[in-house]
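# Structure at a glance
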Amino acid sequence: MRFKPVAVVLLCASAVSAADGPTATTTTLYKSTGPDGRTIYSDTPQPQARDSKTLTFKNLPASSLSSETLAYIEQLRKSSNAGASAPPPRDTVLFSAKWCGYCRQAKAYLAAKSIGYREVDIDTAEGKSAYAQLGGNSGVPQLFVNGRGITGFSAAAYDVFLQARK
């Protein structure tokens with residue numbers, strides 16, 4: 001019996017939905033074919049597209065934060081110091097932790113692709129504060145590029161997430 005090869009593409013531009021709860025992340029991206037026949041990946045549907053697919057994924061593999069860290073982050077969010085949520089960073093930022101295996105995979109992936117980034121350790125007071133202000137959820141790694149974020153790590157998801165940001 002022969003099987004046809006099938007390509008699976010994970011397309012991700014992340015948004016944390018408050019309705020889904022603190023641990024759920026939803027990623028949505030639109031894959032369209034433009035009038036010139038080229039494939040377009042976007043955060044919004046393309047009106048000029050010949051055809052379009054909406055792909056939604058939930059919960060990429062991520063390491064959960066400890067209950068103590070989550071409590072501290074929640075306390076920061078409620079404090080007057082945290083204020084309103086900060087806008088997502090315009091540069092490339094990776095929230096990570098030294099103990100997180102998915103974070104190590106994300107960093108290795110970014111290094112192999114020669115993608116520069118600023119790392120923020122969520123186990124420091126400054127890191128927790130930044131994570132709380134940006135609306136971080138309960139897992140790492142969390143990568144922000146050009147104002148959009150993705151939580152968790154898979155090489156296929158990062159491939160398309162970063163390609164869509166060019």
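The structure contained in this document is the topic of the report that follows. (Residues numbered from 1 in each chain as written. Predicted model: local features only at pLDDT ≥ 70, side-chain atom pairs only at ≥ 80, totals over all residues. Heavy atoms only, no water.)

## Re the side chain of Thr69
- Within the secondary structure, Thr69 sits in helix H1 (residues 67-78).
- Every residue in contact with Thr69, bar those within four places of it in the chain, is listed here: Ile122, Asp123 and Lys128. (Helix = DSSP H or I, 4+ residues; strand = E, 2+ residues; numbered from the N terminus. Contact = heavy atoms within 4.5 Å.)

## Comments concerning unusual backbone geometry
- Cis geometry is adopted by the peptide bond preceding Pro141, which originates at Val140 and carries an omega value of 5°.
- Tracing the sequence through the fold places Pro141 in the loop between strand S8 (139-140) and strand S9 (142-145).
- Within the chain, Ser114 stands out as a residue other than glycine whose phi angle is a positive 55°.
- Taking the relative accessible area as the measure of exposure, Ser114 reaches 66% and is therefore exposed. (Buried < 20%, exposed > 50% of the residue type's maximum accessible area, 1.4 Å probe, protein only.)

## Re the nonpolar core
- Core analysis: the largest hydrophobic core is formed by 15 residues, its most contacted members being Leu65, Phe95, Ile122, Tyr131 and Val140.
- Listing elements by their share of this core, those giving two or more residues are H1, strand S6 (93-96) and helix H3 (125-133).
- For Leu65, the contacting residues outside a window of four places in its chain are Leu70, Ile73, Trp99, Ile122, Tyr131, Asn137, Ser138, Gly139 and Val140.
- In terms of nonpolar packing, the next biggest core, distinct from the first, is built from 13 residues, Leu94, Phe153, Ala157 and Tyr158 among them. (Core = buried A, V, L, I, M, F, W, Y, C linked by side-chain atoms within 4.5 Å.)

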